[in-house]
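Single-letter residue listing:
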Amino acid sequence: MARAPVRVLVTGAAGQIGYALVPMIARGIMLGPDQPIILHMLDIEPAAEALKGVQMELIDAAFPLLKGVVATTDVVEACKRVNVAVMVGGFPCKEGMMRKDVLPKNVPIYRAHASALAEHAAPNCKVLVVTNPANTNAVIFKEFARSIPEKNITCLTRLDHNRTLSQIAERLNVHNSDVKNVIVWGNHSSTQYPDASHATITTTSGEKSARELIADQHWLHNEFITTVQQRGDVILKVRKLSSALSAASAACDHIRDWLHGTPKGTWVSMGVCSDGSYGIQPGLFYSFPVTCENEEWSIVQGLEIDEFSRLKMDATAQELIEEKSFAYSFINQE
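Residues numbered from 1 in each chain as written. Predicted model: local features only at pLDDT ≥ 70, side-chain atom pairs only at ≥ 80, totals over all residues. Heavy atoms only, no water.

**Q** Could you clarify how one ought to interpret the overall build of the chain in this entry?
**A** Looking only at helices and strands, the chain has eleven helices and 14 strands in total. For the chain, whose C-alpha radius of gyration is 19 Å, the value lies close to the compact-globule estimate of 20 Å for 334 residues. Overall size of the chain, expressed as C-alpha extent along the three principal axes, is 55 × 50 × 40 Å. Of the contacts made within the chain by residues no fewer than 6 positions apart, 73% connect residues no fewer than 24 positions apart. As displayed, the chain offers around 15300 Å² of accessible surface, 52% of which is attributable to carbon and sulfur atoms. (Helix = DSSP H or I, 4+ residues; strand = E, 2+ residues; numbered from the N terminus. Rg over C-alpha atoms; globule rule 2.2 N^0.38 Å. Contact = heavy atoms within 4.5 Å. Areas by Shrake-Rupley, 256 points an atom, 1.4 Å probe, with all protein chains shown as cover.)

Structural data, given as C-alpha cells:
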C-alpha cells in the first residue's frame, strides 16, 4: 500500500540553508527513501520571487518522492496540516551584531509562526528550530504555541554534534561512522560544551574509549573544544557565507533520528526542554544526549559528570538563563 505523504514545512526556504535543505528532504534524506513528501515553503514578501525560483527548481528536479509543493508568503497557508516544521526563517545576525541584538527582532516572527502552527498544523506536529539563537528562539516558540506539547519542540545542536564526531574521527584517523556517543551540552553558541568523555570508537578489537585512545587531555580540554565552538565562525570567514550545507544535513539527521529512532546503544545531541536532568534549570532549551524511539526523545540518564564537565555545563546553562530572561522582556511586551 502506498504511504500517505508527510507535509514538511521549511520557513526561510529561499535562504541559504533552505535552498540546501529542501532538495535533501525531497530526495528522502530526512524521512527515508520510501516516504512521499509534500513540501511547504514559507518566506517573506521580499523573497517571493526567489522562493518561486526554488519551487521551479524542485519541479525541474523531478524528485520521485515529491508529491507537491506549496510556496507562499502567507504563514497560515504554509502551516496548514504540516507534520514536521523546520524553522529556518528569522532575523539574521548581521556583521557587528550580537546574539542579543536579534532576539527582539525574532520575537514577532516566532509569535506569528508559532501561533499559526499551533492553530493549523497536523496533530502531533514535530518542530525543529534552526534560526539562531536557536535555543532561546525555541523558548519564544514554546511561549506562543501553547497547544503544541513541549516534547514536540526542539532546537538544532546536531550540527555541533556532527562537528564533534568529525573532530574525534580526524584526530584518530578513523571514519566518522566509527565514532559514537559524543555529547554537546548546552547552548548553540560559543559556550557550548563538546564532550568526548563517554565517546567510543569501533576498532577491529571492539569498542574502545575515545578519551583513552586520544590520550591527550590537554587537547580534549582545549583545542578540541574551541575548534568545535568556533567552527561556524571559521567557515564564515573562509567562505564569506555561514554554514548552510552542513546545517541542512544536520537538520535532516535530527528529524530522521527523532522520527525513525536512534540505533541501539547510540545517543545523539538535541536541544530539548530541560526537565531538571543533570541539574539544568527546568524550562531551558538545553542540548542533552538523547535516544529516540517511537517518535519520542528521552534524555540519557546516569552519565558520570566530572568537575571539568560540571563547570562547562553550568557556564553554558547560565548563558541560556540570561538569554531566556532577556527574551521574556520582549515576549511580555507582545
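Further notes follow.
**Q** Explanation requested: helix 1 (residues 16–27) in the structure shown.
**A** Each α-helix winds once per 3.6 residues, and so residues spaced three or four apart point in a common direction. By the burial criterion, the buried members of helix 1 are Ile 17, Gly 18, Ala 20, Leu 21, Val 22, Met 24, Ile 25 and Ala 26. Here the buried face of helix 1 lies against strand 1 (6–11), strand 2 (37–42), helix 2 (48–61), strand 3 (66–72), strand 4 (84–87) and helix 10 (245–260). Trailing helix 1 by a residue or two, Gly 28 shows a phi angle of about 100 degrees, which is positive. (Buried < 20%, exposed > 50% of the residue type's maximum accessible area, 1.4 Å probe, protein only.)

**Q** Mind showing me how you'd approach the sheet that holds strand 11 (residues 206–209) here?
**A** Strand pairing in a sheet takes place through backbone hydrogen bonds and is either antiparallel or parallel in direction. If you trace the three strands from one edge of the open sheet to the other, you get 7-10-11, paired in antiparallel fashion. Of all strands in the sheet, those with a lone pairing partner are strand 7 (179–180) and strand 11, marking the two edges. Across two bridges, strand 7 lies against strand 10 (residues 200–203) in antiparallel orientation. Each residue of the ladder has a partner; that of Val 179, found in strand 10, is Ile 201. (Pairing = 2+ DSSP bridges.)

**Q** It is not clear to me how the pairing of strand 12 (residues 268–273) should be interpreted in this structure. Could you clarify?
**A** Consecutive side chains of a regular strand alternate in pointing toward one face of the sheet and then the other. Within strand 12, six of the six residues are buried, which leaves the element mostly enclosed by the surrounding structure. Inspection of the sheet shows strand 12 paired to strand 13 (residues 285–293) by six bridges, in the antiparallel sense. Pairing of Val 268 across the sheet is with Val 290, part of strand 13.

**Q** Sorry, what's going on with the side chain of Thr 164 here?
**A** Topologically, Thr 164 is positioned in helix 6 (residues 158–172). If sequence neighbours within four positions are ignored, Thr 164 has contacts with Val 182, Val 184, Pro 194, Phe 224 and Val 228.

**Q** For this particular structure, what's the right way to read the environment of Ala 138?
**A** When you line up the elements, Ala 138 lands in helix 5 (residues 134–144). Of the residues examined, Ala 138 reaches a relative accessible area of 0% and is grouped as buried. It is 19 Å that separates the C-alpha atoms of Ala 138 and Asp 43, two residues lying 95 residues apart in sequence. When residues no more than four places from it in sequence are discounted, the contact partners of Ala 138 are Val 129, Ile 153, Cys 155 and Phe 285.

**Q** Is there a simple way to think about helix 5 in this case?
**A** The element helix 5 is largely enclosed, with a buried count of ten among its eleven residues. Listed in full, the buried residues belonging to helix 5 are Ala 134, Asn 135, Thr 136, Asn 137, Ala 138, Val 139, Ile 140, Phe 141, Glu 143 and Phe 144. In the core, the buried residues of helix 5 are packed alongside strand 4, helix 4 (99–120), strand 5 (126–129), strand 6 (153–155), strand 13 and helix 11 (307–331).

**Q** In this structure, what is going on with the pattern of salt bridges? I would like to understand it.
**A** Where side chains of opposite charge bring their charged atoms close, a pairing between them can arise. This model, assessed by the stated rule, comprises eleven salt bridges. When the shortest N-O distance is used, the salt bridge between Asp 34 and Arg 3 registers 3.0 Å. Residue Asp 34 is found in the loop between helix 1 and strand 2, and its partner Arg 3 is found in the segment before strand 1; the two are separated by 31 residues along the sequence. For Arg 3, a relative accessible area of 43% translates into the label partly exposed. Where Arg 211 meets Asp 306, a salt bridge forms, and the shortest distance between an N and an O atom there is 3.8 Å. On the criterion of sequence distance, the pair formed by Arg 211 in helix 7 (residues 210–214) and Asp 306 in the loop between strand 14 (296–299) and helix 11 is long-range, its members being 95 residues apart. (Salt bridge = Lys/Arg side-chain N within 4 Å of Asp/Glu carboxyl O.)

**Q** Explanation requested: the nonpolar core in the structure shown.
**A** In summary, soluble globular proteins display a tendency toward joint burial of nonpolar side chains. In this structure, Val 8, Leu 21, Met 30, Leu 39, Leu 58, Ile 168 and Phe 288 are the most contacted members of the largest nonpolar core, which totals 73 residues. The leading source of residues in this core is helix 10, at eight residues. Judged by nonpolar contacts, the second largest core, of 31 residues, contains Cys 79, Val 107, Ala 134 and Ala 138. (Core = buried A, V, L, I, M, F, W, Y, C linked by side-chain atoms within 4.5 Å.)

**Q** So what exactly am I meant to see when it comes to the environment of Ala 14 here?
**A** Looking at the element boundaries, Ala 14 is found in the loop between strand 1 and helix 1. It is 9.0 Å that separates the C-alpha atoms of Ala 14 and Ile 44, two residues lying 30 residues apart in sequence. Those residues in contact with Ala 14 that sit more than four places away from it in its chain are Asp 43, Ala 47, Ala 50, Leu 51 and Val 54.

**Q** So what exactly am I meant to see when it comes to unusual backbone geometry here?
**A** Glycine aside, the phi torsion of most residues is negative, and most peptide linkages are trans. Between Asn 132 and Pro 133 the backbone carries a cis peptide bond, its omega angle lying at 0 degrees. With respect to the helices and strands, Pro 133 occurs in the loop between strand 5 and helix 5.

**Q** Whenever I open this one, the state of the cysteines confuses me. Can you help?
**A** What is meant by a disulfide is a covalent connection between two cysteines, made through their sulfur atoms. Counted according to the given criterion, the structure contains zero disulfides. With no disulfide of its own, Cys 125 lies 8.2 Å from the sulfur of Cys 79, the closest cysteine sulfur. Judged by relative accessible area, Cys 125 falls into the buried class, the value being 4%. (Disulfide = S-S within 2.5 Å.)

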